[in-house]
There are 2 protein chains.
Amino acid sequence: MGFMTSSVPESRGGGATATSVEADLGWALGVVFRRYAKAAAAALDDVPGGPRGYQVLATTNAEGPKRQLDLAAQLGVDRTVMTYLLDDLEKTGLVLRQPDPVDRRARLIVPTDQGKETLCDLERRLSAAERDVLGSLDEGERLIFRMLLQRVAVKADAVDPIQNACELADETIDITET
Amino acid sequence: MGFMTSSVPESRGGGATATSVEADLGWALGVVFRRYAKAAAAALDDVPGGPRGYQVLATTNAEGPKRQLDLAAQLGVDRTVMTYLLDDLEKTGLVLRQPDPVDRRARLIVPTDQGKETLCDLERRLSAAERDVLGSLDEGERLIFRMLLQRVAVKADAVDPIQNACELADETIDITET
DNA sequence: TATTGTTATACTCTATAACTATA
DNA sequence: TATAGTTATAGAGTATAACAATA
């Protein structure tokens, strides 16, 4: 179990060697994740906030206007971080802060036309990054891998949703109490 | 492509929705990685340096005494960070800094008996974490998933070994030049 | 009184530079 | 001169606390 940083699996020889069958999940997971993260970060380099900035664009574009706090909760970032992030995105002209008609404290985040165009371009770049990372698998294997990974992820996310199931709850009828 | 942070895939409805077939590799990868990282970090909580500390133990135990600089390169951490890390590990009695007989500048890092025992315990905990994360797959699927992941990882690591293939080169005969 | 968003501050992690002791 | 390791310092990224406006 090389955990998640070291390069090269290394031939195991010495003392408390890892179990043989379960070879290095952590290592593999770490390598693949970082590889994708790096490729993605490179693809998103010119977006303010990088991956975070992209997420704001993608979410607001796909799901419509969002309040800052909801956005922060959904993306798993602190609300103070969201402020800085949106400052940069707004400065670059990718999103707008609009007053919420039903709550004058809140601001609704919407992507600008330029933001939508940028997003479209970023999606393409990310697709390329994905294909690049999974390049060692053929079509069929890639499909299987994705399917299994997706299943593991959905389960993992259900067990441990970043931290904000509560925030999401108000989008559905509240069945948790009474 | 929900990238790698947001919780819950969310139903896609709006504008520039992600491509339908390649559903959210980044998101899934991120979720699974963080889930494992979190579980592993919890399992390694009482080890100085957490995952890093574990890696030092695992590497020096499996591959024998290592000089600090080599260890740092192999684990992908800065040499200054390695100093702090080893300070803590040595203070806790898990490793020793021994003088290198062939170079009085260098120190060889070796695990103590206590370090080896601790390592043994940690390996068990990490195995549990692994089984936990992959819990949604049955035996056969787990095997396939591991195999595919491993292949992707090995390729990814070859393309982009953390950054220090050069440092590793002196352990083999240098065939890269001449 | 509680909540949205902002600002200022502090903390953590990591990297950079300067230093020593050896080579 | 270059290298192994240490130390001090500075930088990014993130979280905490106090604040203004509104509910």
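Thresholds applied
All residue numbers refer to position in the chain's written sequence, counted from 1. The naming scheme follows written order: chains are lettered A onward, ligands numbered 1 onward. Given that this is a predicted model, residues contribute local features only at a pLDDT of at least 70 and side-chain atom pairs are listed and counted only at 80 or more, while totals for whole chains, interfaces and linings are drawn from all residues. For the side-chain quantities, the full set of heavy atoms in the structure was used; hydrogens and water were omitted. By convention in this text, a residue qualifies as near a molecule or strand provided that one of its non-hydrogen atoms is within 4 Å of it. Whenever two N or O atoms come within 3.5 Å, that pair is a polar contact, provided that in protein one can donate a hydrogen and the other can accept it, and provided that, for residues adjacent in sequence, both atoms are side-chain atoms. Secondary structure elements follow DSSP: runs of H or I no shorter than four residues count as helices, runs of E no shorter than two count as strands, and numbering proceeds from the N terminus. In this classification, the charged set is Asp, Glu, Lys and Arg, the nonpolar set is Ala, Val, Leu, Ile, Met, Phe, Trp, Tyr, Cys and Pro, and all remaining amino acids, among them Gly, are polar. Buried Ala, Val, Leu, Ile, Met, Phe, Trp, Tyr and Cys residues form a nonpolar core when they are joined through side-chain atoms within 4.5 Å. The buried label applies to any residue whose accessible area, calculated with a 1.4 Å probe on protein chains only, is under 20% of its type's maximum; exposed applies above 50%, and partly exposed to all values in between. Working rule for contacts: check all heavy atoms of both residues, and any pair within 4.5 Å makes them a contact. Pairing between two strands requires that DSSP report at least two bridges joining them. Axes here mean lines fitted to C-alpha atoms, for a helix over just the part in contact, with angles spanning 0 to 180 degrees between N-to-C directions. Note on ring pairs: Phe, Tyr and Trp rings are taken, using the six-membered ring of Trp, and paired if centres are within 6.5 Å. Classes follow the plane angle, with under 30 degrees stacked, over 60 edge-to-face and the rest tilted.

(A) Main features of the protein's contact with DNA strand D. Residues and elements named next belong to chain B. Residues in close proximity to DNA strand D total 18 residues, the closest being Gln68, Leu69, Arg97, Arg105 and Arg107. Counting only the atoms of DNA strand D that lie within 4 Å of the protein, the sugar and phosphate share comes to 62%. Gln68 has a polar side-chain atom sitting 2.7 Å from a phosphate oxygen of DNA strand D. Contact distances for DNA strand D include 2.6 Å between a base oxygen and a side-chain N or O atom of Arg105. With four residues, helix H4 (residues 79-91) is the single largest residue contributor to the surface near DNA strand D. Residues belonging to the surface near DNA strand D are distributed by class as follows: three nonpolar, four polar and eleven charged.

(B) Inspection of the nonpolar core at higher detail. Counting residues in hydrophobic clusters, the biggest one holds 82 residues, and the most contacted among them are Val56 and Met82 of chain A together with Val56 and Met82 of chain B. The residues touching Val56 of chain A, leaving out its near neighbours within four places in the chain, are Leu71, Leu75, Met82, Leu85, Leu86, Leu89, Val95 and Ile109 of chain A.

(C) A look at the protein's contact with DNA strand C. Taken together, 18 residues form the shell around DNA strand C, and within it Gln68, Leu69, Arg97, Arg105 and Arg107 of chain A come nearest. Contact between DNA strand C and Arg97 of chain A: a phosphate oxygen at 2.8 Å from a side-chain N or O atom of the residue. Looking at the surface near DNA strand C, the elements that each hand over two or more residues are helix H3 (68-75), helix H4 (79-91) and strand S3 (103-111) of chain A together with H4 and strand S3 (103-111) of chain B. For the surface near DNA strand C, the element with the most residues is H4 of chain A, which contributes four residues. Broken down by class, the residue content of the surface near DNA strand C amounts to three nonpolar, four polar and eleven charged.

(D) Quick peek at the sheet that holds S3 of chain A. Residues and elements named next belong to chain A. Read across the open sheet, the three strands follow the order S1-S3-S2; overall the sheet is antiparallel. Every other strand in the sheet has two partners, leaving strand S1 (66-67) and strand S2 (95-100) as the edge strands with one partner each. With two bridges joining them, S1 and S3 adopt antiparallel strand pairing. Directly across from Arg67, in S3, lies its bridge partner Leu108. Sheet contacts for helix H2 (residues 51-63): S1, S2 and S3; angle to S3, the most-contacted strand, approximately 100°.

(E) Just the packing of aromatic side chains, in detail. By the definition in use, this model includes two aromatic pairs over all chains. Measuring from centroid to centroid gives 4.1 Å for Phe33 of chain A and Phe33 of chain B, while their planes differ by 10°, and the two rings are stacked. Of this pair, Phe33 of chain A sits in helix H1 (residues 25-43) while Phe33 of chain B sits in helix H1 (residues 25-43), placing the two residues on different chains. The class of Phe33 of chain B is buried, set by a relative accessible area of 11%. Ring geometry for Phe145 of chain A against Phe145 of chain B: centres 5.6 Å apart, planes inclined by 10°, an arrangement best described as stacked. Note that Phe145 of chain A is positioned in helix H6 (residues 139-159) and Phe145 of chain B in helix H6 (residues 139-159), a pairing that runs across two chains. Look at Phe145 of chain A and you get buried, because its relative accessible area is 1%.

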